[in-house]
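Secondary and tertiary structure notes
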Protein chains: 2
Amino acid sequence: MGLMDEIELRLLPEDDRKPVPKPENLGFGIHFTDHMFVMDYEEEKGWYDPRIVPYGNFSLDPAAVCLHYGQAIFEGLKAHRGEDGKIRLFRPYENMKRLNRSAHRMCMPSVDEEFLLNAIKQLVKVEERWVPANKGTSLYIRPFMIATEAYLGVRPAKKYILSVILCPVGAYYSEGFNPVKIFVTDKYVRAAKGGVGEAKTAGNYAASLMASEEAKAKGFTQVLWLDAKERRYVEEVGTMNIFFAFEDEIVTPALSGSILPGITRDSVLRLGKKWGLNMVERPITIDEVIEGAQSGALTECFGTGTAAVISPVGSLHYKGIDYVINNGVTGPLSKRLFDEITGLQYGEIEDALGWIETVI
Amino acid sequence: MGLMDEIELRLLPEDDRKPVPKPENLGFGIHFTDHMFVMDYEEEKGWYDPRIVPYGNFSLDPAAVCLHYGQAIFEGLKAHRGEDGKIRLFRPYENMKRLNRSAHRMCMPSVDEEFLLNAIKQLVKVEERWVPANKGTSLYIRPFMIATEAYLGVRPAKKYILSVILCPVGAYYSEGFNPVKIFVTDKYVRAAKGGVGEAKTAGNYAASLMASEEAKAKGFTQVLWLDAKERRYVEEVGTMNIFFAFEDEIVTPALSGSILPGITRDSVLRLGKKWGLNMVERPITIDEVIEGAQSGALTECFGTGTAAVISPVGSLHYKGIDYVINNGVTGPLSKRLFDEITGLQYGEIEDALGWIETVI
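Residues numbered from 1 in each chain as written. Chains lettered and ligands numbered in written order. Predicted model: local features only at pLDDT ≥ 70, side-chain atom pairs only at ≥ 80, totals over all residues. Heavy atoms only, no water.

Observations regarding the overall build of chain A
Helix and strand content of chain A: 8 helices and 19 strands. For a compact globule of 360 residues, the expected C-alpha radius of gyration is about 21 Å, and chain A comes in at 21 Å, within 12% of that figure. Here chain A holds 360 residues, and the buried ones make up 63% of them. A separation threshold of at least 6 residues defines the contact pool for chain A, and within that pool the share at least 24 residues apart is 71%. Of the roughly 13100 Å² of accessible surface on chain A, a fraction of 48% belongs to carbon and sulfur atoms. Of note, chain A has its 41 positive side-chain charges centred 2 Å away from the centre of its 49 negative side-chain charges. (Helix = DSSP H or I, 4+ residues; strand = E, 2+ residues; numbered from the N terminus. Rg over C-alpha atoms; globule rule 2.2 N^0.38 Å. Buried < 20%, exposed > 50% of the residue type's maximum accessible area, 1.4 Å probe, protein only. Contact = heavy atoms within 4.5 Å. Areas by Shrake-Rupley, 256 points an atom, 1.4 Å probe, with all protein chains shown as cover. Lys, Arg positive; Asp, Glu negative; His and termini not counted. Charge placed at Lys NZ, Arg CZ, Asp CG, Glu CD.)

Some words on the interface of chain A and chain B
Reports of interface size often rely on the accessible area that becomes lost once the parts have come together. Between chain A and chain B, the residue contacts involve 62 residues of the former and 62 residues of the latter. Note on chain A versus chain B: buried area summed over both sides is about 5000 Å², and carbon and sulfur give 65% of it. The largest contributions to the chain A side of the interface with chain B come from P62, L67 and L152 of chain A, which together make up 12% of the buried area. Counting across the chain A and chain B interface gives 0 salt bridges. There are 20 residue pairs in polar contact (both at pLDDT 80 or more) connecting chain A and chain B. Elements represented by at least two residues in the side of chain A that touches chain B include exactly β4 (58-60), α1 (65-69), β5 (72-74), α2 (92-105), β8 (138-147), β9 (159-169), α4 (202-206) and α5 (209-217) of chain A. Residue classes in the side of chain A that touches chain B are distributed as 38 nonpolar, 14 polar and 10 charged. In this sheet, strand β4 (residues 58-60) of chain B lies alongside β4 of chain A in antiparallel orientation, the contact comprising 3 bridges. (Buried area = accessible area lost by both parts, 1.4 Å probe. Salt bridge = Lys/Arg side-chain N within 4 Å of Asp/Glu carboxyl O. Polar contact = N/O pair within 3.5 Å; in protein donor to acceptor, adjacent residues only side chain to side chain. Nonpolar A, V, L, I, M, F, W, Y, C, P; charged D, E, K, R; others polar. Pairing = 2+ DSSP bridges.)

Digging into the domain arrangement of chain A
All names here are of chain A. Parsing chain A into structural domains produces domain 1 (4-169) and domain 2 (180-345). A straight line from the C-alpha centre of domain 1 to that of domain 2 covers 28 Å. Between domain 1 and domain 2 lies a buried interface of about 1900 Å² when both sides are counted; carbon and sulfur atoms form 59% of it. Its largest share of buried area at the contact with domain 2, domain 1 owes to F74, F90 and R98, together 33% of the area lost on that side. Joining domain 1 to domain 2, the criterion identifies 1 salt bridge. (Domains from an automatic or database assignment.)

Points about the UniProt feature "modified residue: N6-(pyridoxal phosphate)lysine" (unreviewed entry) in chain A
Residues and elements named next belong to chain A. Per the UniProt record, the feature "modified residue: N6-(pyridoxal phosphate)lysine" (unreviewed entry) sits at K200. Here K200 lies in the loop between β10 (180-184) and α4. Beyond its immediate sequence surroundings of up to four residues, K200 is in contact with A72, I73, F74, E75, G76, R98, S102, Y205 and L260. (UniProt positions renumbered as here; feature names shortened; annotations may be inferred.)

What to know about the pairing of strand β2 (residues 35-42) of chain B
Residues and elements named next belong to chain B. When you tally the buried positions in β2, you get 8 out of 8 residues, the bulk of the element. Burial along β2 is two-sided: the residues H35, F37, M39 and Y41 and M36, V38, D40 and E42 are all buried. Relative to strand β3 (residues 46-54), β2 runs antiparallel, the two sharing 7 bridges. Bridge pairing in β3 links V38 to R51. Between β2 and β3, which follow one another and run antiparallel, lie 3 residues. Pairing of β2 with strand β9 (residues 159-169), which is carried by 6 bridges, proceeds in the antiparallel orientation. Residue pairing across strands places Y41 opposite Y160, the latter belonging to β9.

A look at the packing of helix α2 (residues 92-105) of chain B against helix α3 (residues 113-126) of chain B
Residue and element names in this part refer to chain B. Relative orientation of the contacting elements α2 and α3 amounts to 125 degrees, with a least axis distance of 10 Å. By the criterion of interaxial angle, the relationship of α2 to α3 is oblique. Considering only the axes of α2 and α3, their crossing is right-handed. Touching P92, Y93, M96, K97, L99 and N100 of α2 are E113, E114, L116, L117 and I120, all from α3. (Axes fitted to C-alpha atoms, helices over the stretch in contact; angles between N-to-C directions. Parallel < 35°, antiparallel > 145°, perpendicular 65-115°, else oblique. Left-handed = near helix turned anticlockwise from the far one by under 90°.)

Things to note about the pattern of salt bridges
All names here are of chain A. For the structure shown, the criterion picks out 46 salt bridges over all chains. A salt bridge links D40 to R51; its shortest N-O distance comes to 2.8 Å. Residue D40 is found in strand β2 (residues 35-42), and its partner R51 is found in strand β3 (residues 46-54); the two are separated by 11 residues along the sequence. Take D40 and R51: they sit in the same class, and that class is buried. When salt bridges that share partners are traced, they join D40, D49 and R51 into one network.

So, the relation of the copies chain A and chain B
Expressed as a screw transformation, the operator carrying chain A onto chain B has a rotation angle of 180 degrees and an axial translation of 0.0 Å, and the superposed copies differ by an RMSD of 0.0 Å. Look at the turn and shift together and you get a two-fold axis relating the two. (Least-squares fit on C-alpha atoms with pLDDT ≥ 70 in both.)

Concerning the pairing of strand β17 (residues 309-318) of chain A
All names here are of chain A. The element β17 is largely enclosed, with a buried count of 10 among its 10 residues. Alignment of β10 against β17, held across 4 bridges, turns out to be parallel. What sits directly across from F183, in β17, is H317. Counted between consecutive antiparallel strands, the loop separating strand β16 (residues 298-305) from β17 contains 3 residues. Pairing of β17 with strand β18 (residues 321-324) involves 4 bridges; the strand directions are antiparallel. Bridge pairing in β18 links L316 to Y323. Between the antiparallel neighbours β17 and β18 lie 2 residues, among them K319 with a positive phi of about 50 degrees.

Concerning the environment of V196 of chain A
Inspection of the secondary structure assignment puts V196 of chain A in the loop between β10 and α4. Residues in contact with V196 of chain A, not counting those within four places in the same chain, are R105, M106, T201 and N204 of chain A together with A207 of chain B.

Topic: the packing of aromatic side chains
For the structure shown, the criterion picks out 24 aromatic pairs over all chains. One Lys or Arg, K18 of chain A, reaches over the ring of Y55 of chain A and ends 5.4 Å from the middle of that ring. The ring of W355 of chain B carries R91 of chain B above its face, with NZ or CZ at 4.4 Å from the centroid. (Phe/Tyr/Trp six-rings, centres within 6.5 Å; stacked < 30°, edge-to-face > 60°. Lys NZ or Arg CZ within 6 Å of the ring centre and 35° of its normal.)

A closer look at α3 of chain B
All names here are of chain B. With 14 residues, α3 extends 20 Å from end C-alpha to end C-alpha; this agrees with the ideal 20 Å at 1.5 Å per step. Taken together, the buried positions of α3 are occupied by F115, L116, L117, A119, I120, K121, L123 and V124. Measuring from the backbone nitrogen of E114 back to the side-chain oxygen at the start of α3 gives 3.1 Å, which picks out D112 as the cap. (Expected span 1.5 Å × (residues − 1).)

Some points on the environment of S295 of chain B
All names here are of chain B. Relative to the helices and strands, S295 is located in helix α7 (residues 286-295). By relative accessible area, S295 is classed as exposed at 56%. At a separation of 3.1 Å, a polar atom in the side chain of S295 contacts the main-chain amide nitrogen of A297.

See the structure below:
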C-alpha cells in the first residue's frame, strides 16, 4: 500500500484543543478526543487520502448505504498508560485481522493491517495527553468502516469511509469489577448459524437492544443469549463472550459461526492453558450450567470483552429462578485473569507472550 | 402532536433545481429529488423541527449510534402518476404502521402516523415534477429513522433523525416483469425467530449481502432464504416475500417472527381471497416446493415487494439442480396480480378496497 508515510496531519492549534476530563468523570464512550483518523475508499481507486484531522462531523448523503442497509463494521481496543508512563496496546494485530474478517463477511473492502495499526499508533501519539493514567482507565480506540455510497438498491456499496475515533474511558459497567446479574433469555435470539453473528457488524448490536432493555428493566445488567436453533446452547452474554469454570474444566462455547470471536476470549483460553488449566471450547447447554450452579460444580462464571476485560457473573436468572454462582462474589480465577490481563496491559507484568505493542 | 401545519418549508430557488432525468434513464435509487423532509428527536423534547429543505448531506458525529450499532429502520413506498395526471399512494398507512412496529422492535421512538403521512404528501406535492408519468415508473419514497446520539455504549440512543427522501425509479430488476432465476441457499440464514427479521431494520439488509453476491456470481438474480432452525421451511426471497401457486391453494409462508410482513404480500392475500382463490398462510418446506416443481403441481411462483410489485420466479436452484417452474415463463396469476396492483396504483382500476390515497 505504501501509504504509511503519507498520512496527512491537519492538527488543531493548541489553543483550540479541549480540556481532558478528570479520570473520575470519564464514563464510557462519552468524551472524544481532539482528532480522528479518516480515509476514503472508492471501488476504482482503493483506499486513499489517509489523514489525521480535527474530530468533527461526517458529511453523509441521506441515501448513504450505511444509514439504510447497515453495511458497517467496527473494532474496539484500548491504549493503557502504565506507571512507567509508557502507552501500550493489547494484541492490536488481532483487532486488525478481525476487522478484515468482518469486512469480508459484510462484502466490504479489506484494509492493510500493518498500515491501519500504524495509523492508530500515530493517532494515539497525537492524542497522547488524552491517555488517562489511573489504573482502570484507558483510551478506547474505535476503528470503524461505513458504506457511504448514495444508492438505495440492495448490494454492496462502492464507497466507504474508514475512521478511528478515540475516547478516554473508565469502567464499562457501573458495577466495576463486581459480579453482575444476568438474565437468560429464551425469548430473543442474537444470531443464527449462517448469519452474521461472528462479524463485528452494526446490526448485531441493534438486534440486542430490546432483550437488554427488558433485562435492565427487571434489574439485570445483561442478557445471556442461547442458540437460535434449539434455545439450549449458551452463546454469549450481552456483548461479551462467556466462560464457566467447573472443578475439572473451564468451558467457553465453541466458535460456531454465530458467536463473536473475542480477543479477550482468546487471551483467557491461552493464559489458562499456559497456567495448566483445562481450557475447553465446546457446546454447553444452559441446563448443564444451571445444574452446575445448583450443585456447586460450577465454581465461577465470567464474561470477557475489551470494554470490561473480565466481568464476573454473580447470578443467572433462568425461567423465573435466580441461580447464584460462587455466593455472588468474584471468584479467584476471575480475579487472577483480570489481574493478569490488566497487569500486561499496564506493563506491570512481563509480556512473555508478545501481546503488547508499545506506542510510546 | 399538532405539528402538521408547522412543517417549515425552505425551498430551493427554481433556478437551482436539478433537471429531471428521462424516464428511460431512471434506474433504481440513483437519482434523488431537490428536497427532503427531516425532523429531529431528543428524549426530553420528543420530535421537533419538522421541515422540508433542500436535499443535502447530513452532518453526523462520527460516534453516531447508527454508524456503529445499526439502530436504523426504514420504509419504502411509491407515488404513481396516472394517465389522468393524478398522483396516488398505495396503502401508505400500512407503511406508517410498520415503521412504528419496526421502531418498537429496535427501541426507537414512535412517530405520529397521520403526521408523517401528511408530511410525505406535502413533500411529494413540492416535488410533483419529479413523479414520472410512464407506466412502470414511479417516485420511490424512502422514510427512514436513524440514531444520531454520539455515544459508544450499547443502549438505545437518545437522539434520532427521521427523514424522507424521494427518487424517481424505473424497474427494480433489469429483467423487468420477466421471470427471475433464484438460488436456494442452505448455507446462509437471513433471520431467526426471536431476532429482528420482521423489523425493517438496516442490519437485515447488510446480513443478506454475501448470500446475494454469491448467488449473483453464479448467474442468479436473488436468494431464497430458509428458516434458521431446520433449514427446511421457506422464508422469503431476496428482499421480497414469496408465493407458491398450487392447483388447489396459493401458499405463502406464515409470518413467524423472522419474515418481513410485506404490504404487497398482504395485498396479494386480500386480492386473491376477493377473487375466490384459496390463499393460505402456512409453513411450507423447500421439499414440498421442489416436489411441486418436479410434478408440475406447483404452477407458479412469484415474489412480492414494493420495488418490483410481483416478480415471477422462473426457476429455483437447490442443491445443485435447477427446477423450472411454469416452463420459465410468467404465469397467469402473476400477470393478473401485477396488472391488478399496478392498475390500482396508476388509477386505472376502481379502488374498491380503499387502498389509494390521492396526493394531487
